Amino acid sequence: MAMRIAFAADHAGAALKDEILRGLQAATDGGQAYVDLGGDGSDPTDDYPDFAQRLGLAIQNGEADRGILICGSGVGASVAANKMRGIRSAVCHDTYSAHQGVEHDDMNVLTLGARVIGVELAMECARAFLGAHYSGEPRHARRLAKILAIERAETG
């Protein structure tokens, strides 16, 4: 089954989202399906919490396996996404963090800052994120279980 990747961006991240989406679609081998959840940059009131929630819901509802979320810095969108149960988002502006976050922490949302990172590096980060797999190693599973326990305690 193809990995389903959702994309969303606020007004500041829409252009980068579109470039990454086009680049990944052009290079796809059929092993991934892409879903654009919006943000076209035309409305300055397209706020990052709205798009973070839209993307998070797609993952929670099983409509997407992972997501790429973009705002101006990446920080606000990541903070908003992490408020949702089952969402593990991080701002990554380097390829090591983009793949290591998946391999060690089972990160399911890559957040990028359109005003911080260039298109080529953003593409490399997206590829690293999408190509990575959670290791399940005992030390990573132990740590992830602790993260999930915190989430359960905080959200009841």
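Scroll up a little and you will see the structure.
Summarised in this report is the structure supplied together with it. (Residues numbered from 1 in each chain as written. Predicted model: local features only at pLDDT ≥ 70, side-chain atom pairs only at ≥ 80, totals over all residues. Heavy atoms only, no water.)

## Description of the overall build of the chain
- Per the secondary structure count, the chain includes six helices and five strands.
- Ordered by position from the N terminus, the helices and strands of the chain form the series β-α-β-α-β-α-β-α-β-α-α.
- The globule rule puts the C-alpha radius of gyration for 156 residues at 15 Å, and the 15 Å found for the chain is close to it.
- By its C-alpha atoms, the chain is 45 × 35 × 30 Å across when sized along the principal axes.
- Split into buried and exposed, the 156 residues of the chain put 43% on the buried side.
- Of the contacts formed within the chain by residues at least 6 apart in sequence, a portion of 68% connects residues at least 24 apart.
- Entry remark: accessible area of the chain is about 7,600 Å², with carbon and sulfur atoms responsible for 51%. (Helix = DSSP H or I, 4+ residues; strand = E, 2+ residues; numbered from the N terminus. Rg over C-alpha atoms; globule rule 2.2 N^0.38 Å. Buried < 20%, exposed > 50% of the residue type's maximum accessible area, 1.4 Å probe, protein only. Contact = heavy atoms within 4.5 Å. Areas by Shrake-Rupley, 256 points an atom, 1.4 Å probe, with all protein chains shown as cover.)

## Structural notes on the pattern of salt bridges
- Across all of its chains, the model carries five salt bridges by this definition.
- Between Arg88 and Asp106 there is a salt bridge, with its nearest N and O atoms 3.1 Å apart. In this pair, Arg88 sits in the loop between helix 3 (75-81) and strand 4 (89-91) while Asp106 sits in the loop between helix 4 (95-105) and strand 5 (109-113), placing the two residues 18 residues apart along the sequence.
- Bridged by salt links that share partners, the residues Lys17, Asp18 and Asp36 form one connected network. (Salt bridge = Lys/Arg side-chain N within 4 Å of Asp/Glu carboxyl O.)

## So, the environment of Cys125
- Along the polypeptide, Cys125 turns up in helix 5 (residues 119-131).
- Assessed through its relative accessible area of 0%, Cys125 is described here as buried.
- Considered as a pair, Cys125 and Tyr96 are 29 residues apart in the sequence and their alpha carbons are 8.2 Å apart.

## Observations regarding the packing of aromatic side chains
- Scanning all chains against the criterion turns up one aromatic pair.
- Judged by centre distance (5.9 Å) and plane angle (55°), the ring pair of Phe7 and Tyr34 falls under tilted. One end of the pair, Phe7, is in strand 1 (residues 3-9); the other, Tyr34, is in strand 2 (residues 32-36), with 27 residues separating them in the sequence. Each of the two residues, Phe7 as well as Tyr34, counts as buried.
- Above the ring of Phe129, the side-chain terminus of Arg66 is found at 5.3 Å from the ring centroid. (Phe/Tyr/Trp six-rings, centres within 6.5 Å; stacked < 30°, edge-to-face > 60°. Lys NZ or Arg CZ within 6 Å of the ring centre and 35° of its normal.)

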